Amino acid sequence: MVQGVLVENGVIQNINPATGELIEPTVSVTTPEELEKIISAANASQQSWSDKSLSERVEAIRQGLIAVEPIADELASLITKEMGKISAEAKLEVSNAIGLKDGWLDMVKEANEDVHLGGGEEGKAESIVVRDPLGVVVVISPWNFPAGEIPFLALPALVSGNTVIVKPSEVTPLSGELFCRTLASCLPDGVLQVVQGDGKTGEQLISSDDIHMVAMTGSTATGKRIMNVCSKKLKRLVLELGGKDPMVVFKDADLDKAANDAVANSLFNCGQVCCAVERVYVDGSIQNEFEQKVLDVAKKWKVGNPTDADTIIGPLASEVQRDNVSKQVEAAIKDGAKVLYQSECPDDKQGNFYPVTVLSSLKQDMAIQNLETFGPVVALSTFDGTEEAAIELANSTEFGLASYVYTSDLTKGSRVARQIRSGQVGINCYSLVAAQPACPWIGHKQSGFGSHSGMDGFRSFSVPKSIVFTTNAPK
């Protein structure tokens with residue numbers, strides 16, 4: 001049971017987090033018998049799909065993304081209804097997913113092209129490194145970006161010649177299915193399919209001997225369970241997992257920008273982002289000034305109905321998530337944290353709303369400094385201003401997905417970034433948005449296993465094979 005979602009009589013209880021109402025149409029869980037047929041169809045169609053040229057596969061996928069354009073507004077509205085994302089952010093998510101059809105998809109193609117080694121001179125030995133698909137890849141997608149995350153895993157798998165089965169999160173089953181079925185309408189039968197259900201369905205799916213790889217974005221706990229199941233057959237894995245991402249603000253930083261980014265990147269998507277800023281460490285000598293700037297920004301973030309134009313933060317995705325955030329905040333306050341600000345919040349007993357909260361005077365041993373919060377909280381604490389202290393604090397949790405360093409001295413920023421153990425470090429920026437498209441997305445420590453995106457990540461869904469000649473290879 002993820003986020004408290006119930007399955008009753010084979011039907012997912014899909015609840016609108018802003019109203020508490022049951023969303024129609026209902027979503028039936030894929031039965032074990034249906035699951036076997038879907039797995040069989042995926043295996044049956046895999047060879048003919050991989051036999052198509054790389055260019056043919058890429059063009060079919062491109063047409064699938066183009067097919068999403070006419071339903072973009074419908075899909076965005078469904079995302080808002082299922083997980084509470086405000087309308088503007090939901091539309092941006094869908095637009096970004098469609099936009100992958102251009103340069104990004106071409107990079108995936110390039111990563112899968114043959115590589116020629118040696119040769120050139122008449123008779124000189126030459127080798128060709130080609131890439132073989134793995135077979136059938138399962139993609140388990142998250143609820144916080146129900147359309148935006150699927151393509152980062154499914155599309156490189158498809159380009160590589162695999163067939164793909166997607167299990168959307170049970171929190172957002174309709175959003176994931178609408179995106180996948182629209183994309184699949186431009187692909188041969190059996191190449192991209194969808195199953196619905198909770199963790200039980202997911203375990204049945206990945207346990208099949210006819211599944212060859214699993215790619216998942218989600219929690220560290222779920223990732224460990226998946227790894228345990230897949231270890232029995234040494235199935236390939238790509239796991240993007242949780243984070244507790246630090247932001248370090250040195251006294252020479254642009255404090256207006258740093259304060260704005262601290263708030264925006266803590267609160268975006270109601271804080272429900274794996275690489276959200278969850279710990280802000282500010283040089284103690286500028287604490288008061290920085291905290292005031294943070295408050296000035298935070299007070300502009302209105303919590304409300306996600307369909308209202310002036311709302312900046314909607315509800316949390318579930319009651320379970322809201323209660324988890326509340327529990328962490330209350331425990332921190334009990335242990336001495338100061339509440340600098342809490343916003344107004346809709347007085348709606350049915351919705352999972354939580355106020356924008358700014359905390360300070362946090363201690364390193366508090367749960368809110370070590371466990372993923374995933375909520376609209378700006379968590380402020382201080383450090384002594386040294387690089388050594390900044391690095392030690394940034395590395396102080398079991399996670400290592402993203403980190404952020406703010407300073408006007410880019411040499412210092414780079415020096416600190418190289419010592420932080422995380423997959424990406426933004427210098428005066430939010431790496432999720434500012435990173436070059438060819439950058440890999442990877443977690444260090446317990447924030448992931450393997451990688452996706454970037455040339456290395458694009459190749460994670462295939463295996464290299466060297467074809468060796470003692471002369472030039474045939475043309």
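Refer to the structure above for everything that follows.
A. Quick look at the nonpolar core. Judged by nonpolar contacts, the single largest core of 62 residues is most densely connected at Ile 61, Leu 75, Leu 158, Val 164, Phe 179, Leu 187 and Phe 461. Broken down by element, the residue count for this core peaks at seven residues, all from helix α6 (residues 150-159). Apart from residues lying up to four places away in sequence, Ile 61 is in contact with Trp 49, Leu 105, Leu 155, Leu 158, Val 159, Leu 183 and Leu 187. The next biggest cluster of nonpolar side chains, apart from the first, holds 53 residues, and it includes Phe 145, Ala 258, Leu 316 and Phe 353.

B. Just a negative patch on the surface, in detail. Together, Glu 33, Glu 34, Glu 36, Asp 209 and Asp 210 line one region of the surface with negative charge. Mapping Asp 209 onto the fold places it in the loop between α8 (199-207) and β9 (213-217). Accessibility expressed as a relative area gives 53% for Asp 209, which makes it exposed.

C. Inspection of empty space enclosed by the protein at higher detail. In the structure shown here, the tally under the stated rule is three cavities of 30 Å³ or more. In terms of lining, the largest cavity is formed by Lys 244, Ser 266, Gly 271, Ala 276, Val 277, Glu 278, Ile 368, Thr 373, Phe 374, Gly 375, Val 377 and Ala 379. For the lining of the largest cavity, the elements supplying multiple residues, two or more each, are β12 (277-283) and β15 (377-383). Looking at the lining of the largest cavity, its residues break down into six nonpolar, four polar and two charged. The calculated volume of the second largest cavity comes to roughly 50 Å³. Lining the second largest cavity are Gly 84, Lys 85, Ile 86, Glu 89, Asn 269, Cys 270, Ile 312, Ile 313, Gly 314 and Pro 315. In terms of residue class, the lining of the second largest cavity is made up of five nonpolar, three polar and two charged.

D. The arrangement of the layout of surface pockets in detail. Of the volumes computed, that of the second largest pocket is approximately 350 Å³. Surrounding the second largest pocket, 22 residues form its lining, Gln 3, Ile 15, Ser 318, Glu 319 and Asn 352 being those nearest its centre. It is helix α12 (residues 319-334) that contributes the most residues to the lining of the second largest pocket, three residues altogether.

E. The sheet that holds strand β1 (residues 7-8), seen in detail. If you walk across this open sheet you meet the three strands as β1-β2-β3, and the pairing is antiparallel. At either margin of the open sheet sits one strand with a lone partner, and together these are β1 and β3 (27-28). Pairing between strand β2 (residues 11-12) and β3: two bridges, direction antiparallel. The residue of β3 that forms the bridge with Ile 12 is Val 27.

F. Main features of the side chain of Thr 163. For Thr 163, the location among the structural elements is in strand β7 (residues 163-167). The class of Thr 163 is buried, set by a relative accessible area of 0%. From its side chain, Thr 163 meets the backbone oxygen of Ala 42 in a polar contact 2.9 Å long. Residues contacting Thr 163, with those up to four places away along its chain left out, are Ala 42, Ser 45, Gln 46, Gly 135, Val 136, Val 137, Gly 190 and Val 191.

What counts and what doesn't
Each chain carries its own residue numbering, running from 1 in the written order of its sequence. Under the rules for a predicted model, residues below a pLDDT of 70 receive no local features and side-chain atom pairs below 80 are neither given nor counted, while totals for whole chains, interfaces and linings still include all residues. Each side-chain value is derived from all of the structure's non-hydrogen atoms; neither hydrogens nor water enter the calculation. By convention a nonpolar core is built from buried Ala, Val, Leu, Ile, Met, Phe, Trp, Tyr and Cys residues, the set being connected through side-chain atoms within 4.5 Å. Residue exposure (1.4 Å probe, protein chains only): buried if accessible area is under 20% of the type maximum, exposed if over 50%, otherwise partly exposed. In this description a helix means any DSSP run of H or I spanning at least four residues, a strand means any run of E spanning at least two, and both kinds are numbered starting from the N terminus. When checking whether two residues touch, look at their non-hydrogen atoms; a contact exists if any pair is within 4.5 Å. Patch building starts from residues that exceed 30% relative accessible area and form no salt bridge, then joins like charges within 9 Å and nonpolar side chains (Val, Leu, Ile, Met, Phe, Trp, Tyr) within 5 Å. Here the accessible surface of atoms and residues is derived via Shrake-Rupley with a 1.4 Å probe, and residues count as covered only by protein chains that are part of the display. What counts as a salt bridge is simple: a side-chain nitrogen of Lys or Arg found within 4 Å of a carboxyl oxygen of Asp or Glu. In this tally, Asp and Glu contribute negative charge and Lys and Arg positive charge; neither His nor the terminal groups of the chain are included. Charge placement uses NZ in Lys and CZ in Arg. For Asp and Glu, CG and CD serve respectively. Cavities and pockets are found on a 1 Å grid laid over the protein atoms alone: a cavity is a set of points where a 1.4 Å probe fits but cannot escape, a pocket is an open set with protein on both sides within 12 Å along at least five of seven lines, and a lining residue has an atom within 4 Å of such a point. Grid points are joined across faces, edges and corners, and a volume is the space filled by probe spheres set on the points. Three classes are used: nonpolar for Ala, Val, Leu, Ile, Met, Phe, Trp, Tyr, Cys and Pro, charged for Asp, Glu, Lys and Arg, and polar for all others, with Gly counted as polar. Here, any two strands with at least 2 DSSP bridges between them count as paired. Whenever a nitrogen or oxygen atom comes within 3.5 Å of another N or O atom, the pair is scored as a polar contact, on the condition that within protein one atom can donate a hydrogen and the other can accept it, and that pairs from neighbouring residues in sequence are kept only if both atoms are in side chains.

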